[in-house]
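Coordinate analysis (summary)
Here's the letter readout for the chains.
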Amino acid sequence: MINWVLSPREIQVGQILVGVATAIFIGLRFVPQRYRQRIGIALTVCYLLGVAAFVVYLVVR
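Residues numbered from 1 in each chain as written. Predicted model: local features only at pLDDT ≥ 70, side-chain atom pairs only at ≥ 80, totals over all residues. Heavy atoms only, no water.

Before going further, it helps to examine the overall build of the protein. Summing up its helical and strand segments, the protein has two helices and zero strands in all. Taking 10 Å as the expected radius of gyration for a compact globule of 61 residues, we find that the protein reaches 15 Å, considerably beyond that expectation. Over its C-alpha atoms, taken along the principal directions, the protein stretches across nearly 45 × 15 × 15 Å. Residues classed as buried in the protein amount to 11% of the 61 residues present. (Helix = DSSP H or I, 4+ residues; strand = E, 2+ residues; numbered from the N terminus. Rg over C-alpha atoms; globule rule 2.2 N^0.38 Å. Buried < 20%, exposed > 50% of the residue type's maximum accessible area, 1.4 Å probe, protein only.)

Here's what the structure looks like:
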């Protein structure tokens, strides 16, 4: 269990990650169908790498 308090900066980074995910989810609806899967896979990989980096930062901190 994580029992430490996050700094305002860390909370802001978490909010940005959620905001980016939401914007991408909405934005993909406007991409032509034939490009959605390729773009979705690339964005998913990038997003998961960002989340993993944030988690590693929190653990190392």
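Now, onward.
Let us look at the side chain of E10. Tracing the chain through its elements places E10 in helix 1 (residues 8-27). Looking at E10, its side chain comes within polar contact range of the main-chain nitrogen of S7, at 2.9 Å. Once residues within four sequence positions are removed from consideration, E10 is found in contact with F54, Y57, L58 and R61. (Polar contact = N/O pair within 3.5 Å; in protein donor to acceptor, adjacent residues only side chain to side chain. Contact = heavy atoms within 4.5 Å.)

This next bit is on the packing of helix 1 against helix 2 (residues 33-60). Two numbers describe how helix 1 lies on helix 2: the axes approach to 12 Å, and their chain directions differ by 170 degrees. Between helix 1 and helix 2, the angle falls in the class roughly antiparallel. On helix 2, the residues that touch E10, V13, G14, L17, V18, A21 and I24 of helix 1 are L43, Y47, V51, F54, Y57 and L58. Its residues placed into classes, the contact of helix 1 with helix 2 shows eleven nonpolar, one polar and one charged. (Axes fitted to C-alpha atoms, helices over the stretch in contact; angles between N-to-C directions. Parallel < 35°, antiparallel > 145°, perpendicular 65-115°, else oblique. Nonpolar A, V, L, I, M, F, W, Y, C, P; charged D, E, K, R; others polar.)

Our focus in this paragraph is the packing of aromatic side chains. Across all of its chains, the model carries zero aromatic pairs by this definition. The lysine or arginine in question, R29, covers the ring of F25, its NZ or CZ lying 4.5 Å from the ring centre. (Phe/Tyr/Trp six-rings, centres within 6.5 Å; stacked < 30°, edge-to-face > 60°. Lys NZ or Arg CZ within 6 Å of the ring centre and 35° of its normal.)

Along the chain, the position of T44 falls in helix 2. Counting along the chain gives 20 residues from T44 to I24, while the straight-line C-alpha distance between them is 9.6 Å.

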